[in-house]
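# Summary of the model geometry
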Amino acid sequence: MDRAKPTPVEESITAGADFLQLDVGQAPPGGRADWLAARLRAAIADGRVPVGARLPASRVLAAELGVSRGVVTEAYQRLTEDGHVVGRGRAGTVVVATPAAVATPAPRPPAPAEVFTGRPGTDIFDALRTAPAELDLTPGVPDLAAFPRAAWLRAERAVLHRLAPAAFGYGDATGTPALRLAVATWLARNRGIRVDPAEVVIVAGVTQALGLLAQVLHADGVHTVAVEDPGSLGVRQHLRNWRLDTPPVPVDGRGLRVDRLEASGAQAVMLTPAHQFPTGVVLDGERRRRLLRWAQRGGLVIEDDYDAEHRYDRPPVPALRGMLPERVCYTGSVSKLLAPALRIGWVLVPPRLHAALVAAKRMADLGNAALPQLVLAELMDSGALEGHLRLLRRRHVRRRDAMIRAIRDHLPGAVVHGAAAGLHLMVTLDAGVDDVTLAAAALRRGVKVQPLSWHGQLPQPPGLVLGYAANPAGDIERGVATIAAALRDLPDHPNPFGARR
């Protein structure tokens, strides 16, 4: 017998352990240590208790199971003898190895041929992200190493120091008042948008903003949202996921062809006027005026302020929202300024759609996590975010210039687009090149890129979309040289640009 018979009250308290839902009543008489060792071994094998995890203290687990401490220590000893756990004094008993016979193999990352095969599906960006490579030159990846950790920690300490206990409860689904005020101030200072903080809705990035807008537009009778072409494949996928049609509208050197938008009959349009993705062009003044006249006649504009803060060789471009707030939905985020992992963005809609948007947000998640919002508000209010942006601009210019030099040296016949702003370049190639085949060949050589054809619905020249923000100059030069080598080795294209060998 492991201990004296418990009282009825004790039995109700020690019926089992939350840890692995262990129920000692399942153990055979006289075999509790064997039973416990087997259960722990199985949990280590199938990953419920992974390598590096700490097992409960023997005294705690014994109390929860209602057994003597000796039962638990004996089970732990058997795992120690098998080499699965080690005792580390005050650090406890730690799992160090899984049973070899039942170890589960890690998921196999996709091969290049599996990433670049057929038409890209909704999982294409996950597949490309997880594909192994030495260098990642895909667009949309900021300099994650530059995340302002020290400033974030200082802001977090300041927030926690003054935070009232009530702030840890459920809050406003539209976001914390502090961040909505900070965003309103930021937009007024940097984007020419005057907005009441009550109109700002905090969302989990532009992706969630699009999902909420799609729901609101469906309820408002809008089922078609025209998109730029070429334009973001990801945006197109998200809109279609919410059952919106996405007819293409061509983009040229002056931005969206508004005349083609007018002829399309679309009820709404999604565009990136400050820095068009992927071409990098700015919607020019005449096109802006014509687009706003189209909106005044009943059209709705969804403005993604993509990369607007990352400008180098041109003056700032005002946001469309500041010119016609009653017909423009506006969205932005800190994904390219700080990190996508924060999942913090904002959306503004015309007054007639605001209540419906708030209702959709409330039903989606009851609001974003409050603590990161408050820390971001502190960064915005203190000026630390603007300081971080200035640092990034200087670094991005050096990396952009390095990529342009590398393209000139290794792909001298390629045409570079969109160098004045943003975090990427678009490169168009000889008409005979298959850009998907080239992207697959580059990945086989260890360099990730995106083919331009992914981002278009209409016929267009082949090309690549190359991000430069996340890599130092030397890696950028090496990556472009690798792309050039992959291009030279493509069938029927031994040396299309006369690139150096």
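Scroll up to find the structure.
Calculation criteria
- Residues numbered from 1 in each chain as written.
- Predicted model: local features only at pLDDT ≥ 70, side-chain atom pairs only at ≥ 80, totals over all residues.
- Heavy atoms only, no water.
- Buried < 20%, exposed > 50% of the residue type's maximum accessible area, 1.4 Å probe, protein only.
- Helix = DSSP H or I, 4+ residues; strand = E, 2+ residues; numbered from the N terminus.
- Arc of directions from axis to C-beta.
- Contact = heavy atoms within 4.5 Å.
- Polar contact = N/O pair within 3.5 Å; in protein donor to acceptor, adjacent residues only side chain to side chain.
- Salt bridge = Lys/Arg side-chain N within 4 Å of Asp/Glu carboxyl O.

### Digging into helix H3 (residues 58-65)
Ser 58, Leu 61, Ala 62 and Leu 65 are the residues of H3 that are buried. For H3, the angular spread of buried residues about the axis comes to 100 degrees, placing them on one side. Summarising the contacts, the buried residues of H3 are in contact with helix H2 (32-45) and helix H4 (69-82). Gly 66 lies just past H3 and shows a positive phi near 75 degrees.

### What about the side chain of Thr 428?
Mapping Thr 428 onto the fold places it in strand S13 (residues 424-428). At 2.9 Å, the side chain of Thr 428 and the side chain of His 417 are in polar contact. Those residues in contact with Thr 428, other than ones at most four positions away along the chain, are Ala 414, Val 415, His 417, Leu 452, Pro 461, Pro 462 and Gly 463.

### Looking at the environment of Gly 463
Examined against the element boundaries, Gly 463 turns out to sit in strand S16 (residues 463-467). Between the C-alpha atoms of Gly 463 and Asp 435, which are 28 residues apart in sequence, the distance is 5.7 Å. When residues no more than four places from it in sequence are discounted, the contact partners of Gly 463 are Val 427, Thr 428, Leu 429, Asp 435, Gln 450, Pro 451 and Leu 452.

### Quick look at the pattern of salt bridges
One pass over the structure, following the stated rule, counts 25 salt bridges. A salt bridge links Arg 78 to Glu 74, with the nearest nitrogen and oxygen atoms 2.3 Å apart. Remark: Glu 74 and Arg 78 occur in helix H4; sequence separation between them is four residues, near one turn of the helix. By relative accessible area, which is 25% here, Arg 78 ends up partly exposed. We classify Glu 74 as partly exposed; its relative accessible area is 37%. Counted as one network, the salt bridges with shared partners bring together Asp 34, Glu 74 and Arg 78.

### Some words on the environment of Leu 458
Position of Leu 458 relative to the elements: it lies in the loop between strand S15 (450-451) and S16. Given a relative accessible area of 30%, Leu 458 falls into the partly exposed group. As for Leu 458 and Pro 230, which are separated by 228 residues in sequence, their C-alpha atoms are 7.6 Å apart. Discounting chain neighbours no more than four positions away, the residues touching Leu 458 are Asp 229, Pro 248 and Pro 250.

In short, geometric facts, not functional conclusions.
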